[in-house]
Amino acid sequence: MFKIFNTLSREVEEFKPLEEKVKMYSCGPTVYDYAHIGNFRTFVTVDFLRRFLRWKNYQVISVMNITDIDDKTIRRANEEGVSLSTITKRYEDAFFEDLKCLNCEKAQFHPRATEHIKEMIEICKDLEKNGLTYISQGSLYFRINSFKNYGKLSKVDKEGILEGARVDSDEYEKESARDFVLWKAKKEGEPFWTSPWGEGRPGWHLECSAMSRKYLGETFDIHTGGVDLIFPHHENEIAQSEGASGKSPVKYWFHIEFLLVNGEKMSKSKGNFYTLRDLLKDGYDPMAIRFLLLSVPYRKKLNFTLEGIDASKSSVKRLESFKARIVEEKKKLKEGVGGAEDEIASLKRKFEESLDDDLNTAESLGFLFDAVRIGNSLMDRGEIDYPSLNLLEEFVSEFENIFGIPLSREEILDEEIDKMIKEREELRKRKEFAKADKVRDELKEKGIVLEDTVNGVRWRRE
RNA sequence: GGCGCCGUAGCCAAGCGGUAAGGCAGGGGCCUGCAAAGCCCCCAUCACCGGUUCGAAUCCGGUCGGCGCCUCCA
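The rules we used
Residues numbered from 1 in each chain as written. Chains lettered and ligands numbered in written order. Predicted model: local features only at pLDDT ≥ 70, side-chain atom pairs only at ≥ 80, totals over all residues. Heavy atoms only, no water. Pairing = 2+ DSSP bridges. Helix = DSSP H or I, 4+ residues; strand = E, 2+ residues; numbered from the N terminus. pLDDT = per-residue confidence, 0-100. Contact = heavy atoms within 4.5 Å. Axes fitted to C-alpha atoms, helices over the stretch in contact; angles between N-to-C directions. Left-handed = near helix turned anticlockwise from the far one by under 90°. Nonpolar A, V, L, I, M, F, W, Y, C, P; charged D, E, K, R; others polar. Salt bridge = Lys/Arg side-chain N within 4 Å of Asp/Glu carboxyl O. Phe/Tyr/Trp six-rings, centres within 6.5 Å; stacked < 30°, edge-to-face > 60°. Buried < 20%, exposed > 50% of the residue type's maximum accessible area, 1.4 Å probe, protein only. Domains from an automatic or database assignment. Buried area = accessible area lost by both parts, 1.4 Å probe. Disulfide = S-S within 2.5 Å. 1 Å grid on protein atoms, 1.4 Å probe; cavity = no way out; pocket = protein on both sides within 12 Å on 5 of 7 lines; lining within 4 Å. Points joined across faces, edges and corners; volume = space filled by probe spheres on them. Expected span 1.5 Å × (residues − 1).

Q: Explain the sheet that holds strand 12 (residues 264–265) to me, please; I cannot follow it from the model alone.
A: A sheet is described by the order of its strands in space; here 3 strands give the open sequence 12-11-13, paired in mixed fashion. Since the sheet does not close on itself, it has two edges, and those belong to strand 12 and strand 13 (302–304), each with one partner.

Q: What is the right way to read the confidence of the model for chain A from this model?
A: Low pLDDT means the predicted coordinates in that region are not meant to be read closely. On average, residues of chain A score 91 in pLDDT, and 95% of them are at 70 or above. pLDDT under 50 marks residues 162–171. Its contacts with residues more than four places away, or in other chains, come to 6 contacts.

Q: Which parts of the structure should I look at to understand the sheet that holds strand 3 (residues 22–26)?
A: Sheet strands associate in pairs through backbone hydrogen bonding, adopting either a parallel or an antiparallel arrangement. Judged by pairing direction, the sheet is parallel, and its 4 strands sit side by side in the order 4-3-9-10 without closing on themselves. Each of the sheet's edge strands pairs with one partner strand only, and the pair in question is strand 4 (60–64) and strand 10 (250–256). Sheet twist, expressed as the average angle between the axes of neighbouring strands with direction ignored, equals 20 degrees. Seen against the sheet, helix 5 (residues 206–216) touches strand 3, strand 4 and strand 9 (220–226) and runs at an angle of roughly 155 degrees to strand 3.

Q: Is there a simple way to think about the packing of helix 9 (residues 306–332) against helix 12 (residues 386–403) in this case?
A: Angle between the axes and distance between the axes are the two parameters that describe a pair of packed helices. Running from amino to carboxyl end, helix 9 crosses helix 12 at an angle of 145 degrees, the nearest separation of the two axes being 10 Å. The handedness of the crossing between helix 9 and helix 12 comes out as left-handed. Facing helix 9, whose interface residues are L319, F322, K323, I326, E329 and K330, helix 12 presents Y386, L389, N390, L392, E393, V396, F399 and E400. In terms of residue class, the contact of helix 9 with helix 12 is built from 8 nonpolar, 1 polar and 5 charged.

Q: Would you take a moment to explain the pattern of salt bridges for this structure?
A: A pair can form between side chains of opposite charge whenever their charged atoms are brought close. According to the stated counting rule, one finds 53 salt bridges in the structure shown. A salt bridge links D437 to R440; the nearest nitrogen and oxygen atoms lie 3.4 Å apart. Of this pair, D437 and R440 both sit in helix 14 (residues 433–445), 3 residues apart, which is roughly one turn of the helix. What you see here is one network of salt bridges that share partners, running through D47, R50, R51, R54, E105 and R290.

Q: I would appreciate a short explanation of the packing of aromatic side chains in the present structure.
A: The tally for this structure, following the rule as stated, stands at 22 aromatic pairs. Between F40 and F43 the ring centres are 6.1 Å apart and the planes differ by 70 degrees, which places this aromatic pair in the edge-to-face class. Within this pair, F40 and its partner F43 are both found in helix 1 (residues 37–55), separated by 3 residues, close to a single helical turn. Its relative accessible area of 0% is what places F40 among the buried residues. Ring geometry for F351 versus F395: centroids 5.1 Å apart, planes at 70 degrees, classification edge-to-face. Pair noted here: F351 is in helix 10 (residues 341–356) and F395 is in helix 12, with a separation of 44 residues, a long-range link.

Q: I would appreciate a short explanation of the pairing of strand 1 (residues 3–6) in the present structure.
A: Looking down a regular strand, the side chains alternate between one sheet face and the other. Here 4 bridges tie strand 1 to strand 2 (residues 11–14), and the two strands are oriented antiparallel to one another. Residue pairing for strand 2: N6 is matched across the bridge by E11. Once strand 1 ends, the chain turns through 4 residues before running back antiparallel as strand 2, passing R10 with a positive phi of about 55 degrees.

Q: Sorry if this is basic, but what is going on with the domain arrangement of chain A here?
A: Interfaces are frequently sized by the accessible area removed from exposure as the parts join. In terms of domains, chain A is made up of domain 1 (3–256), domain 2 (317–403) and domain 3 (415–461). Measuring from the centre of the C-alpha atoms in domain 2 to the corresponding centre in domain 3 gives 29 Å. Both sides together, the interface formed by domain 2 and domain 3 hides about 440 Å², and carbon and sulfur atoms give 36% of it. Considering only the surface of domain 2 that becomes buried against domain 3, S321, E328 and K332 emerge as the three largest contributors, covering 70% of it. If you look at where domain 2 meets domain 3, you find 1 salt bridge. Among the ionic pairs, E328 bridges to R458, the shortest N-O distance being 3.3 Å. Partitioned by chemical class, the residues of the side of domain 2 that touches domain 3 number 1 nonpolar, 1 polar and 4 charged.

Q: Sorry if this is basic, but what is going on with the environment of V82 here?
A: Among the secondary structure elements, V82 is positioned in the loop between helix 2 (71–80) and helix 3 (84–101). Looking at V82, the relative accessible area reads 30%, which means it is partly exposed. Residue contacts for V82: discarding those within four places in its chain leaves A77 and I87.

Q: What should I look at first to understand the pairing of strand 5 (residues 133–136) in this one?
A: Two elements, strand 5 and strand 6 (residues 139–142), share 4 bridges in a ladder whose sense is antiparallel. The residue of strand 6 that forms the bridge with Y134 is Y141. Between strand 5 and strand 6, which pair antiparallel and follow one another directly, the connecting turn spans 2 residues, one of which, Q137, has a positive phi of 45 degrees.

Q: When you look at the state of the cysteines in this model, what are you seeing that I'm missing?
A: One way to say it: the disulfide is the covalent bond shared by the sulfur atoms of two cysteines. The tally for this structure, following the rule as stated, stands at 0 disulfides. There is no disulfide at C27, and the cysteine sulfur nearest it, in C208, is 3.9 Å away.

Q: Is there a simple way to think about the layout of surface pockets in this case?
A: Taking a probe equal in size to a water molecule and rolling it over the atoms shows the remaining empty space. Space inside the second largest pocket adds up to approximately 800 Å³. Taken together, 22 residues line the second largest pocket, and the ones lying closest to its centre are A324, S408, R409, W459 and R460. With 9 residues, the top contributor of residues to the lining of the second largest pocket is helix 9. Looking at the lining of the second largest pocket, its residues break down into 7 nonpolar, 2 polar and 13 charged. Counting contributing residues, the lining of the second largest pocket receives three or more from each of domain 2 (317–403) and domain 3 (415–461).

Q: Help me out: how do you make sense of helix 3 in this one?
A: For an α-helix, the turn length of 3.6 residues means that residues three or four places apart are oriented alike. In this model, helix 3 (18 residues) spans 26 Å end to end at C-alpha, consistent with the 26 Å of a helix rising 1.5 Å per residue. Of the positions making up helix 3, those classed as buried are L84, I87, T88, Y91, E92, A94, F95, F96, D98 and L99. Two residues or fewer after helix 3 comes N103, characterised by a positive phi angle close to 60 degrees.

Q: Can you help me understand the side chain of E92 in this one?
A: Looking at the element boundaries, E92 is found in helix 3. The buried category is assigned to E92, whose relative accessible area is 8%. Contacts of E92, omitting those with residues within four sequence positions, involve V31, I66 and R112.

See below:
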């Protein structure tokens, strides 16, 4: 039974979907720049959750929006003197490339805000009808004092801002400090659409309410995002959706903790961020990065370091090598002796139980590595049987599927390297070890590492 | 001022009342022609103080330290 932490209740709850299919909405990127590795912690976690749910035999319908109209995208376009869509297209494409590189699957729907203005206006009309709005200086605002549930997600005080809090710059336009804009009046040099309240553009929170309603309905199961979105974004989203429909829109609010760099939040405004592209350029392996991002449970802050990627790389290599060994062992095993079926089955079960417990990936990996050690040990001693081997293979394959980290990268050796390996084998047979070692060193320089096993030579890329 | 998180070995990290998982790195050994991979062994009493308890890293109170949200932000 899968249990998931719900920000709404601040408790771990049993996961029970509203209907058969699980409906999930995820806050996506604002496409004004390359996403950084902190952003990707969230998106990789969402991908992990989706894979996990599917593995638990749920069908999942997922939606992730693309924010392609807001202050930042507009500013960027103006800075570069190009159209808004030039900017948003560029970074949207980059975003999907990066996702793919990290082996994240796309959602079924990736709706763009600019293509759902009509739906947003509908929400505003509903809110207006329900008496939750007012107009100030040409903009339409949501009046939080008219909405009794305001603050239920973030537990913030409805009564405005308290001492010490930073103050919203255009507060003066609003009746109450925490009221927020639904429809912004047109400003010079900004894109605009027509609406019943005049020309302007939608407020940021509106798109998620509108698009989730369109693609998933008024109520759905899971809504994901980074913890920073709890307030005000998701609080306001609830206000809009619930204010419009009268129904609580989301059953489980799923928030991913921050990724830190040197103990500090990574953010574009601080400039202390890595993009995926930076890391790849420096030769870091995307699957090692993915492993690192997933190895710390999503509700814990993750302190991101380059050393951490290296350590993860080593872990992934260990798993890769283990899988390769299982495949070989299966080929050569005639009839096995010994084995440790029960123990492996038990670890496999615990692996699942850990993930069931609010996705405790760190714990689950502990059990996986226990199985790796046991398996290696059995194979070392030649005391493995088919059932154990099959079980280990299944276990590894579950890891690959759920974590989205393939452990065999099918590669074909080019002829030259193949020749060198064969040549070295000849030399070794003739016990010309010095020459053989020289060939091995040459291969190493080409990034090919050799391992002489009882089943013959095995190669891998470093 | 309000809300919240965290402090476990060199690094990452599990642990939710019964006497410290796992990964990386390091040391020693086995295996190997030598390596590599793998295996075995070694490497912490859980920030600090006090309390509850037969028993606490785990519960309560306090101290110190770090971080986040309350503004755009994954």
